[in-house]
Amino acid sequence: MLKVLIPTIMMFPTIWLTSPKWLWTTATTHSLLIAFVSLAWLGWMSEAGWTSSNTYLATDPLSAPLLVLSCWLLPLMILASQNHITPEPISRQRSYIMLLTSLQTFLVMAFGATEIILFYVMFETTLIPTLIIITRWGNQAERLNAGTYFLFYTLAGSLPLLVALLLLQQSTGTLSMLVLQYSQPMELNSWGHMIWWAGCLVAFLVKMPLYGVHLWLPKAHVEAPVAGSMVLAAVLLKLGGYGMMRMMIMLDPLSKELAYPFIILALWGIIMTGSICLRQTDLKSLIAYSSVSHMGLVAAGILVQTPWGFSGAIVLMVAHGLVSSALFCLANTAYERTHSRTMVLARGLQMVFPLAAVWWFIANLANLALPPLPNLMGELMIITTLFAWSPWTILITGLGTLITASYSLYMFLMSQRGPTPHHIMGLQPFHTREHLLLTMHLVPVILLVTKPELMWGWCN
């Protein structure tokens, strides 16, 4: 754990001491080295249980894939932001990269924490850099509104969790995941216990987000710069899923009855947000709503509480993290050239950028869960689990899959096919940097097809 955390912290002085000419090169190289070192975590999957570096930080097969995803994303965010941050003053460029690095530090500590209270503190701390990135480097004036939504939704959901954790500490005497994992199931039968159960999960359901408390997400995504959108879609939503998995182990007896309304809401959300996607005109907004739809499936898979559901949820979270981040990068490349996110105004780009159209095609196919990609594997495992829980869910999940395919096709056809508008003139060609960026997003997705047990080895 420390072999990744210490080099990440060492990036702070590096960023401030590097000469302006080499700033982006140094930051990208340093973060890439950290990303490659973090891949070693995937090799520890064969051991049962936790691999700890000290009392408070450890990895296990549930957190390792998400830790690697967090580390893998930092160089990609730096690569993606290069074009629109470079014209700014050098001190602002350094601040921007430092915020992204601090975000990775907090995420590594959140996913690696063995104490639930340390996880909670890091879970909340990730708000600060994300909020600054959205409100300082966002594109439109509404970014302050989006930041307010983001902050208050997350904080309002998280405060009951803090109270619930203090009550848990009082009743069990410990908040260590290593101990709570093997403790006796608690006697939970009163109304107070039911409210405590809801308090434990609401923060994570807001973060995921569950349909109904998802309004902050499209706003935050649309207003955030590309790195903000990438980290939100790829990692910050996964904090919610990860926290739910950790907490569900302790909430066992009550979850059988109390999870019903949340599962129904998650499944209904898949259809509703998918239908909203079909009506979107804004490219980033469409990708943001598709994230809500996918995370609804993940939430349902976790709440059913079976090994298959958990495995499917991890696989879908990792695959969705890479694919949605790639889609946001593609949307940003189109926006940087046409200066419009409205799909009607920036269409027919296949004739101008044929190779970029290939990236769009692969990313859209991955988003609609083409076999044999891990997206399909995760979705199938969750759909099977839900079918075993109640055969009626197949109607909703089947319709949801159909709508997902429809809006992915709609997004591809609207942005790439058709006549190129006359006002699109003199566009910059695609850079090698952007091709590298998309290769590093989509090649891991394709490689995971060959070794999927890296993501769900914990269940064997």
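Residues numbered from 1 in each chain as written. Predicted model: local features only at pLDDT ≥ 70, side-chain atom pairs only at ≥ 80, totals over all residues. Heavy atoms only, no water.

**What to know about the overall build of the protein chain**
Thought 1: Along its length, the protein chain carries 19 helices and two strands.
Thought 2: Expected size for 460 residues packed as a compact globule is a radius of gyration near 23 Å; at 21 Å, the protein chain falls within 12% of this value.
Thought 3: Overall, the protein chain is about 70 × 55 × 45 Å in size when its C-alpha atoms are taken along their principal axes.
Thought 4: Taken over 460 residues, the protein chain has a buried fraction of 59%.
Thought 5: Within the protein chain, contacts between residues at least 6 apart in sequence are counted, and of these 83% link residues at least 24 apart.
Thought 6: A total accessible area of about 17,700 Å² is found for the protein chain, and carbon and sulfur atoms account for 71% of it.
Thought 7: Charged side chains in the protein chain number 19 positive and 15 negative. The centres of these two groups are separated by 13 Å. (Helix = DSSP H or I, 4+ residues; strand = E, 2+ residues; numbered from the N terminus. Rg over C-alpha atoms; globule rule 2.2 N^0.38 Å. Buried < 20%, exposed > 50% of the residue type's maximum accessible area, 1.4 Å probe, protein only. Contact = heavy atoms within 4.5 Å. Areas by Shrake-Rupley, 256 points an atom, 1.4 Å probe, with all protein chains shown as cover. Lys, Arg positive; Asp, Glu negative; His and termini not counted. Charge placed at Lys NZ, Arg CZ, Asp CG, Glu CD.)

**Overview of the domain arrangement of the protein chain**
Thought 1: Segmentation of the protein chain into domains returns domain 1 (1-41 + 55-252) and domain 2 (263-459).
Thought 2: If you average the C-alpha positions of domain 1 and of domain 2, the two centres end up 21 Å apart.
Thought 3: Each partner contributes residues to the interface: domain 1 has 41 residues there, and domain 2 has 44 residues.
Thought 4: Regarding the contact of domain 1 and domain 2, the summed buried area is about 3,800 Å², with carbon and sulfur atoms giving 75% of it.
Thought 5: Counting every contact that joins domain 1 to domain 2 gives zero salt bridges.
Thought 6: Our count for the contact surface shared by domain 1 and domain 2 stands at eight residue pairs in polar contact (both at pLDDT 80 or more).
Thought 7: Only α3 (64-85), α10 (216-223) and α11 (226-248) provide two or more residues apiece to the side of domain 1 that touches domain 2.
Thought 8: Examining the composition of the side of domain 1 that touches domain 2, we find that 12 residues originate from one element, α11, more than from any other.
Thought 9: When grouped by side-chain class, the residues that make up the side of domain 1 that touches domain 2 number 30 nonpolar, nine polar and two charged. (Domains from an automatic or database assignment. Buried area = accessible area lost by both parts, 1.4 Å probe. Salt bridge = Lys/Arg side-chain N within 4 Å of Asp/Glu carboxyl O. Polar contact = N/O pair within 3.5 Å; in protein donor to acceptor, adjacent residues only side chain to side chain. Nonpolar A, V, L, I, M, F, W, Y, C, P; charged D, E, K, R; others polar.)

**Focus: the nonpolar core**
Thought 1: Counting residues in hydrophobic clusters, the biggest one holds 157 residues, and the most contacted among them are Trp 41, Phe 119, Leu 201 and Met 247.
Thought 2: Of the residues that make up this core, three or more belong to each of domain 1 (1-41 + 55-252) and domain 2 (263-459).
Thought 3: Leu 201 has contacts with Met 244, Met 247, Met 248, Leu 251 and Leu 303, leaving out every residue within four places of it along the chain. (Core = buried A, V, L, I, M, F, W, Y, C linked by side-chain atoms within 4.5 Å.)

**Observations regarding helix α12 (residues 252-278)**
Thought 1: Spanning 27 residues, α12 covers 38 Å between terminal C-alpha atoms, matching the ideal 39 Å at 1.5 Å per step.
Thought 2: Where α12 bends most, at Leu 258, the angle is about 50°, and the proline Pro 261 comes one to four residues later. (Expected span 1.5 Å × (residues − 1). Bend = angle between axes of the 7 residues up to and from the residue.)

**Observations concerning the pattern of salt bridges**
Thought 1: In the structure shown here, the tally under the stated rule is six salt bridges.
Thought 2: Residue Arg 341 pairs with Asp 282 through a salt bridge whose shortest N-O separation is 3.0 Å. On the criterion of sequence distance, the pair formed by Arg 341 in the loop between α14 (307-338) and α15 (354-367) and Asp 282 in the loop between α12 and α13 (283-304) is long-range, its members being 59 residues apart. Both residues of the pair, Arg 341 and Asp 282, belong to the buried class.

**Section: a nonpolar patch on the surface**
Thought 1: A cluster of nonpolar side chains, Phe 387, Trp 392, Ile 394 and Leu 395, forms an exposed patch at the surface whose accessible area comes to about 470 Å².
Thought 2: Along the polypeptide, Ile 394 turns up in helix α17 (residues 393-416). (Patch = residues over 30% accessible without salt bridge, like charges linked within 9 Å, V, L, I, M, F, W, Y side chains within 5 Å.)

**Section: the packing of α14 against helix α16 (residues 374-389)**
Thought 1: Direction vectors running N to C along α14 and α16 enclose 150°, while the axes themselves pass 8 Å from each other. Taken together, the axes of α14 and α16 are roughly antiparallel relative to one another. Relative to α16, the crossing made by α14 is left-handed. When α14 is examined against α16, the residues Trp 308, Gly 309, Ser 311, Gly 312, Ala 313, Val 315, Leu 316, Ala 319, His 320 and Val 323 are found in contact with a partner set consisting of Pro 374, Asn 375, Met 377, Gly 378, Glu 379, Met 381, Ile 382, Thr 384 and Thr 385.
Thought 2: Per-class residue counts for the contact of α14 with α16 are 10 nonpolar, eight polar and one charged. (Axes fitted to C-alpha atoms, helices over the stretch in contact; angles between N-to-C directions. Parallel < 35°, antiparallel > 145°, perpendicular 65-115°, else oblique. Left-handed = near helix turned anticlockwise from the far one by under 90°.)

**What about the environment of Leu 437?**
Thought 1: Among the structural elements, Leu 437 can be located in helix α18 (residues 432-448).
Thought 2: Sequence separation between Leu 437 and Ile 78 is 359 residues, and the spatial gap between their C-alpha atoms is 9.7 Å.
Thought 3: Those residues in contact with Leu 437, other than ones at most four positions away along the chain, are Leu 76, Leu 79, Ala 80 and Cys 329.

**Side note on the packing of aromatic side chains**
Thought 1: Tallied over the entire structure, the rule returns 13 aromatic pairs.
Thought 2: When the centroid spacing of 5.4 Å and the interplanar angle of 50° are considered together, the rings of Phe 361 and Phe 412 count as tilted. Taken as a pair, Phe 361 in helix α15 and Phe 412 in helix α17 lie far apart in primary sequence, 51 residues in all.
Thought 3: One aromatic cluster in this structure is built from Phe 111, Phe 119, Phe 123, Phe 204 and Tyr 242.
Thought 4: Seen from the ring of Trp 137, Arg 136 lies directly overhead, with NZ or CZ sitting 5.2 Å from the centre.
Thought 5: Its end group placed over the ring of Tyr 335, Arg 341 keeps NZ or CZ at 6.0 Å from the ring centre. (Phe/Tyr/Trp six-rings, centres within 6.5 Å; stacked < 30°, edge-to-face > 60°. Lys NZ or Arg CZ within 6 Å of the ring centre and 35° of its normal.)

**Quick look at the packing of α11 against α13**
Thought 1: Two numbers describe how α11 lies on α13: the axes approach to 11 Å, and their chain directions differ by 15°. With respect to α13, the axis of α11 lies roughly parallel. The handedness of the crossing between α11 and α13 comes out as right-handed. Residues Ser 229, Ala 233, Leu 237, Lys 238, Gly 241, Met 244, Met 245 and Met 248 of α11 form the contact with α13, whose participating residues are Lys 284, Ser 291, Met 295, Ala 299, Ile 302 and Leu 303.
Thought 2: Tallied by class, residues from the contact of α11 with α13 come to nine nonpolar, three polar and two charged.

**Some remarks on the side chain of Thr 393**
Thought 1: You can see Thr 393 is positioned in helix α17.
Thought 2: In this structure the side chain of Thr 393 is engaged in a polar contact, spanning 2.7 Å, whose partner is the backbone oxygen of Ser 390.

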